[in-house]
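Spelled out from the first residue to the last, the chains are:
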Amino acid sequence: MQRTVPTTAGPLPVPSPDHRWTVLFFITEPGIGERLPELGGCTTGLCSARDAAAAFARADARVLGVSAHAPGRLAEFAEGRALGYPLVGDEDLSLGRAFGVPEVRAEDRTLFARAAVVLDRTGRVRSLIHPVPEPERHAELVLERLARLTDSEGTPQD
């Protein structure tokens, strides 16, 4: 299943037709840890993906962050952290729900739990990574899963 999603870089297709894998890093809300420490770590998790950009490129993976907010609200955050990849605004949580991403209630709102989804080119969920108890290892956990998926499938023939 492919769909076009609103991002901080404009509309983009999910999954990416130009990459073997699409990785969606789901977060509750940028900066929420300042108000609710138990949900903190969103920025750390997203920055771990930024810092591992070369490894994701080697894995032929497109990285996107996803939050239950409008892309416009996320743009300043993404720019300020120099993430280097777009953030998806999933205000109605439909993207996350389509992929089975767990949710949390905070401040009378429903948000995503910290998770990651790995999609193949067809849009099939190949992995849902949750929980992610150590936000600083978010990218590392995903890269480990990508390596296992790639090893199990062998080298692509495209």
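Everything that follows concerns the structure shown earlier in this document.
The model shown is predicted, which means the values in this text are computed figures rather than measured ones. (Residues numbered from 1 in each chain as written. Predicted model: local features only at pLDDT ≥ 70, side-chain atom pairs only at ≥ 80, totals over all residues. Heavy atoms only, no water.)

### Re the overall build of the chain
Secondary structure summary: the chain contains 5 helices and 9 strands in total. When its helices and strands are written in sequence order, the chain yields β-β-β-α-α-β-α-β-α-β-β-β-β-α. Expressed as a percentage of its 158 residues, the buried residues of the chain come to 49%. For the chain, long-range pairs separated by at least 24 residues make up 61% of all intrachain contacts whose partners lie at least 6 apart in sequence. Of the accessible surface of the chain, which amounts to about 7500 Å², a share of 49% is contributed by carbon and sulfur atoms. (Helix = DSSP H or I, 4+ residues; strand = E, 2+ residues; numbered from the N terminus. Buried < 20%, exposed > 50% of the residue type's maximum accessible area, 1.4 Å probe, protein only. Contact = heavy atoms within 4.5 Å. Areas by Shrake-Rupley, 256 points an atom, 1.4 Å probe, with all protein chains shown as cover.)

### Notes on the pairing of strand E7 (residues 109–112)
Sheet analysis places strand E6 (residues 103–106) next to E7, joined by 4 bridges and oriented antiparallel. When the bridges of E7 are listed, Val-104 appears paired with Leu-111. (Pairing = 2+ DSSP bridges.)

### Quick look at helix H5 (residues 138–153)
In this model H5 runs 23 Å from its N-terminal to its C-terminal C-alpha over 16 residues, within 8% of the 22 Å that 1.5 Å per residue would give. Along H5, the residues classified as buried are His-138, Ala-139, Leu-141, Val-142, Leu-146 and Leu-149. Buried positions in H5, seen along its axis, are confined to an arc of 160 degrees and lie on one side of it. (Expected span 1.5 Å × (residues − 1). Arc of directions from axis to C-beta.)

### Things to note about the nonpolar core
Membership of the largest hydrophobic core comes to 27 residues, with the highest contact counts inside it found for Phe-25, Phe-56, Val-142 and Leu-146. Among the secondary structure elements, those contributing two or more residues to this core are strand E3 (21–26), helix H1 (42–51), strand E4 (61–67), helix H3 (71–80), strand E8 (115–120) and H5. The greatest single-element share of this core, amounting to 5 residues, is contributed by H5. Counting residues in hydrophobic clusters, the runner-up holds 19 residues, among them Val-5, Val-66, Val-101 and Val-117. (Core = buried A, V, L, I, M, F, W, Y, C linked by side-chain atoms within 4.5 Å.)

### Concerning the environment of Glu-136
Mapping Glu-136 onto the fold places it in the loop between strand E9 (125–129) and H5. With a relative accessible area of 48%, Glu-136 lands in the partly exposed category. For Glu-136 and Thr-44, which are 92 residues apart along the polypeptide, the C-alpha to C-alpha distance reads 5.6 Å. If sequence neighbours within four positions are ignored, Glu-136 has contacts with Thr-44 and Ser-48.

Interpretation in functional terms is not warranted from these geometric data alone.
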